[in-house]
Amino acid sequence: MNSIIRIAVQKSGRLSEDSLSLIKECGIKFYNGTGKLKSTSTNFPIEFLFLRDDDIPGYVSDGVADLGIVGENELVEKDKDVTVLKKLGFSKCRLSLAIPKGEHYESVRYFDGKSIATSYPKILADYLKSQNISAEIHEISGSVEIAPSIGLAQGICDIVSSGSTLMMNGLKEVEEIFKSEAVLIGNKSLAEEKLAIVDKLLFRMNAVQKGKSNKYVLLNAPNASLDKIIALIPGMRSPTILPLAEEGWSSVHSVLSEDQFWENIEGLRAAGAEGILVVPIEKMVI
Ligand code: ATP
Ligand code: MG
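Residues numbered from 1 in each chain as written. Chains lettered and ligands numbered in written order. Predicted model: local features only at pLDDT ≥ 70, side-chain atom pairs only at ≥ 80, totals over all residues. Heavy atoms only, no water.

The next point concerns the coordination of the magnesium ion (ligand 2). Those donors, Asp53 (OD) and Asp54 (OD), are the protein atoms that reach the magnesium ion (ligand 2), and they lie 2.0 Å from it. Its relative accessible area of 17% is what places Asp53 among the buried residues. (Donors = N, O, S within 2.8 Å, 3.2 Å for Na, K, Ca; no water. Buried < 20%, exposed > 50% of the residue type's maximum accessible area, 1.4 Å probe, protein only.)

Below is the structure:
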């Protein structure tokens, strides 16, 4: 029987769009009609389950799904035994402690003997323990930021990205306790045939990720400066050098990370490079 792997992705929320684009960028085609809970790819042995993100770690550890894409916050909170196969670099956020704006705050000792509302009781309890703080944790499933104003708790522990929700609710962020991004997780006891498909998927994801973090650079340079320029942008094996129609000039093509590009741009210009073009790369296999 031909094997197929099953991946759990968030049905609708802050992980969904980036999870599905990553899969599409891997060349995997599927139909994602509204309201569908399951879908199968037409050109790769993979099936999709669309779920609430809370359920993804459990489905993967139970083997209902072989793979899943979920935030590290949800993964650590649910405390399920799965393998983290890859950090995906999107849905970055942090879990922080916040208190009413007018409160005086010096250190985390502030929370000793206080009550804190959160949807992340495990991560919070672990943090408080590590800091030797004893506080009462109120677990609530949503709208955590209104807890202090309705008298439910004195502080909160919640996801923060820009901080504007906190501000709107008269709160200030005082401690960051956990950093999160989306990760690809896998069941711990996958059969050989499934592992082979997972490897193929990882290979494609790596190619997409590498492509995104690198740029194709083209520039014109006087032949006398070529050595200097090649030293600045060595590329994968070495740059491509093509003669321009104008005598004494060449076009140099190379691949480098965006950071490397910005670090070397002055050096390139000082060496006489001009007409510099930076082009995105879709996939990259080294
Ligand atoms: P579900 O209905 O699936 O349970 P949810 O409401 O629990 O969804 P979302 O708000 O869609 O969850 O967030 C999903 C994940 O995205 C979070 O667990 C977190 O990892 C990440 N995330 C949350 N807020 C942000 C944000 N503001 N910016 C970036 N990533 C975020
Ligand atoms: Mg959720």
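On we go from here.
A few words now on the site of ligand 1. In the vicinity of ligand 1 lie 15 residues, with Gln10, Arg14, Asp54, Asn73 and Ser161 positioned nearest. Separating an oxygen atom of ligand 1 from a side-chain N or O atom of Gln10 is a distance of 2.8 Å. With respect to ligand 1, the side chain of Arg52 contributes an N or O atom lying 2.9 Å from an oxygen atom. Here the shell around ligand 1 spans two domains, since at least three of its residues come from each of domain 1 (5-90 + 181-190) and domain 2 (93-179). (Near = heavy atom within 4 Å. Polar contact = N/O pair within 3.5 Å; in protein donor to acceptor, adjacent residues only side chain to side chain. Domains from an automatic or database assignment.)

With that settled, the discussion passes to the packing of aromatic side chains. In this description, an aromatic ring pair is defined by two values, namely the gap between the centres and the angle between the planes. The tally for this structure, following the rule as stated, stands at six aromatic pairs. The interplanar angle of 10 degrees and the centroid separation of 6.3 Å between the aromatic rings of Phe48 and Phe50 together place this pair among those described as stacked. Through a chain of ring-to-ring contacts, three or more aromatic side chains come together here, namely Phe30, Phe48 and Phe50. Over the face of the ring belonging to Tyr110 we find Lys114, whose NZ or CZ atom lies 4.2 Å from the ring centre. (Phe/Tyr/Trp six-rings, centres within 6.5 Å; stacked < 30°, edge-to-face > 60°. Lys NZ or Arg CZ within 6 Å of the ring centre and 35° of its normal.)

Reading across the sheet, the four strands line up as β13-β14-β12-β15 and stay open at both edges, with antiparallel pairing between neighbours. The open sheet has two edge strands with one neighbour each: β13 (240-243) and β15 (274-280). Pairwise comparison of adjacent strand axes, ignoring direction, gives a mean angle of 20 degrees for this sheet. Direction of pairing for β13 relative to strand β14 (residues 249-257): antiparallel, over a ladder of four bridges. Counted as the bridge partner of Ile241 is Val252 from β14. Across the face of the sheet, helix α6 (residues 192-213) comes into contact with β12 (214-222) and β14 while running at roughly 40 degrees to β12. The strands touched by helix α8 (residues 258-270) are β12, β14 and β15; relative to β14, the strand with the most contacts, the crossing angle is about 150 degrees. (Pairing = 2+ DSSP bridges. Helix = DSSP H or I, 4+ residues; strand = E, 2+ residues; numbered from the N terminus. Axes fitted to C-alpha atoms, helices over the stretch in contact; angles between N-to-C directions. Contact = heavy atoms within 4.5 Å.)

Turning to the sheet that holds strand β9 (residues 155-160), a few remarks are in order. Overall, mixed pairing links the five strands, which are arranged β8-β7-β9-β6-β10 in an open sheet. A single partner strand is all that each edge strand has here, and the edge strands are β8 (136-139) and β10 (171-180). Neighbour to neighbour, the strand axes of the sheet diverge by 25 degrees on average, direction disregarded. Direction of pairing for strand β6 (residues 93-100) relative to β9: antiparallel, over a ladder of five bridges.

Turning our attention to α8. With 13 residues, α8 extends 19 Å between its outermost C-alpha atoms, agreeing within 8% with the 18 Å of an ideal straight helix rising 1.5 Å per residue. The sharpest bend along α8 measures roughly 50 degrees and falls at Asn264. Of the positions making up α8, those classed as buried are Phe261, Asn264, Ile265 and Leu268. On the buried face of α8, the contacting elements are β12, α7 (226-232), β14 and β15. The positive-phi residue at the C-terminal boundary of α8 is Gly272, with phi of around 100 degrees. (Expected span 1.5 Å × (residues − 1). Bend = angle between axes of the 7 residues up to and from the residue.)

Glancing now at unusual backbone geometry. The backbone of Asn132 sits at a positive phi, close to 65 degrees, despite the residue not being glycine. Its location among the elements puts Asn132 in the loop between α4 (121-130) and β8. Look at Ser143: it is not a glycine, yet its phi comes out positive at around 45 degrees.

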